[in-house]
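Structural overview for review
Next come the chains, spelled out residue by residue.
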Amino acid sequence: MTGHVAVRRFPSLTVSTPRVLVRPVEVADAKAITEVFMDKQTQRWLPFPREFGQIEGIAWCTETAQERRDSGNGDHYAVVRREDDRLVGCLWTKRTDWVAKVTEVSYVIAPDTRGFGVAAEAVDALAIALLLEHGFQRVELRVAPGNTASRRVAEKAGFTYEGLLRNAGHVHSGRVDLEVWSLVKADLHAGS
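Attention in this report is confined to the structure presented alongside it. (Residues numbered from 1 in each chain as written. Predicted model: local features only at pLDDT ≥ 70, side-chain atom pairs only at ≥ 80, totals over all residues. Heavy atoms only, no water.)

1. Side note on the pattern of salt bridges
Throughout the structure, instances matching the rule amount to 16 salt bridges. The partner of Glu104 in a salt bridge is Lys94, and the shortest N-O contact between them spans 3.9 Å. Of this pair, Glu104 sits in strand β5 (residues 102–109) while Lys94 sits in strand β4 (residues 86–97), and the two are ten residues apart along the sequence. The burial state of Glu104 is the same as that of Lys94; both residues are buried. Counted as one network, the salt bridges with shared partners bring together Lys94, Arg95, Glu104, Arg138, Glu140, Arg142 and Glu162. (Salt bridge = Lys/Arg side-chain N within 4 Å of Asp/Glu carboxyl O. Helix = DSSP H or I, 4+ residues; strand = E, 2+ residues; numbered from the N terminus. Buried < 20%, exposed > 50% of the residue type's maximum accessible area, 1.4 Å probe, protein only.)

Encoded structure:
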């Protein structure tokens, strides 16, 4: 035995709630996703250095999503509002550790949809599906201090604050600390 772990493909999944459908991105989503990523408030908190440039929807929905899926690192999802079938956001999983069965979720939501609980609902639905249907043991969110909207999403989605990772991430303005939030299987049974 060589000790190598086989690369697993990230599970293809679609989850729905009364208000949103979370599904893998499609080429047809590219224009709407580009618009969501272009928002100034979104850009402020993107977990990418500024030199990465603008997120381009076609690449995000095709080769970037396919590469992430095929590598086993994660996937890209569209958040679609059920009442009008409008794409109102995007989720993506990353930093997947198949041995520990841990992944991280990030998200962006269209500006006119913020403040209505859509992000928390989509993140919660995806995290629960990963934990209960796909064998994950832990789902993480990482939030830059000062991003109070993302902190509220984590709280509303039932995640627990664990602490601060110093100088652990990037936003467009440079290096930042990151708050770590998690949801584990035991959290889903705590209220029962």
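2. Considerations on helix α5 (residues 118–133)
End to end, α5 covers 22 Å across 16 residues, agreeing with the expected 22 Å (1.5 Å per residue, within 8%). When you tally the buried positions in α5, you get twelve out of 16 residues, the bulk of the element. For α5, the set of buried residues is Val118, Ala119, Ala120, Glu121, Ala122, Val123, Ala125, Leu126, Ala127, Ala129, Leu130 and Leu131. The positive-phi residue at the C-terminal boundary of α5 is Gly135, with phi of around 75 degrees. (Expected span 1.5 Å × (residues − 1).)

3. A few points about the nonpolar core
The biggest cluster of nonpolar side chains holds 34 residues, and the ones touching the most others in it are Leu91, Val123, Leu141 and Phe159. At the level of secondary structure, the elements contributing two or more residues to this core comprise β2 (20–24), β3 (76–81), β4, β5, α5, β6 (138–143), α6 (148–156) and β8 (174–184). Per-element accounting of this core gives the leading share, eleven residues, to α5. Leave out the neighbours within four places in its chain, and Leu141 touches Val105, Tyr107, Val123, Ala154, Phe159, Glu179, Val180 and Trp181. Counting residues in each nonpolar core, the second largest holds 17 residues, with Val36, Cys61, Cys90 and Val108 among its members. (Core = buried A, V, L, I, M, F, W, Y, C linked by side-chain atoms within 4.5 Å. Contact = heavy atoms within 4.5 Å.)

4. Quick notes on the sheet that holds β2
As summarised here, the arrangement of the eight strands in space is β1-β2-β3-β4-β5-β6-β8-β7, forming an open sheet in which the pairing is mixed. Each edge of the open sheet is held by one strand with a lone partner, namely β1 (15–16) and β7 (160–171). Looking at chain direction, β5 and β6 are connected through three bridges and run parallel. Counted as the bridge partner of Val102 is Arg138 from β6. (Pairing = 2+ DSSP bridges.)

5. Thoughts on unusual backbone geometry
For Lys101, which is not a glycine, the phi torsion comes out positive at approximately 60 degrees. Its location among the elements puts Lys101 in the loop between β4 and β5. Phi at Asn167 takes a positive value of approximately 50 degrees, unusual for a residue other than glycine. Along the chain, Asn167 turns up in strand β7. The exposure class of Asn167 is partly exposed, given its relative accessible area of 46%.

6. Brief notes about helix α4 (residues 63–71)
Owing to its 3.6 residues per turn, the α-helix brings residues three or four apart onto one side. Of all the positions in α4, only Ala65, Arg68 and Arg69 are classed as buried. Looking straight down α4, one finds that the buried residues subtend no more than 100 degrees of arc, so they occupy a single side. Turned more than 90 degrees away from the buried face of α4, the exposed residues are Glu63 and Glu67. Among the residues trailing α4, Gly72 stands out with phi positive, at a value near 85 degrees. (Arc of directions from axis to C-beta.)

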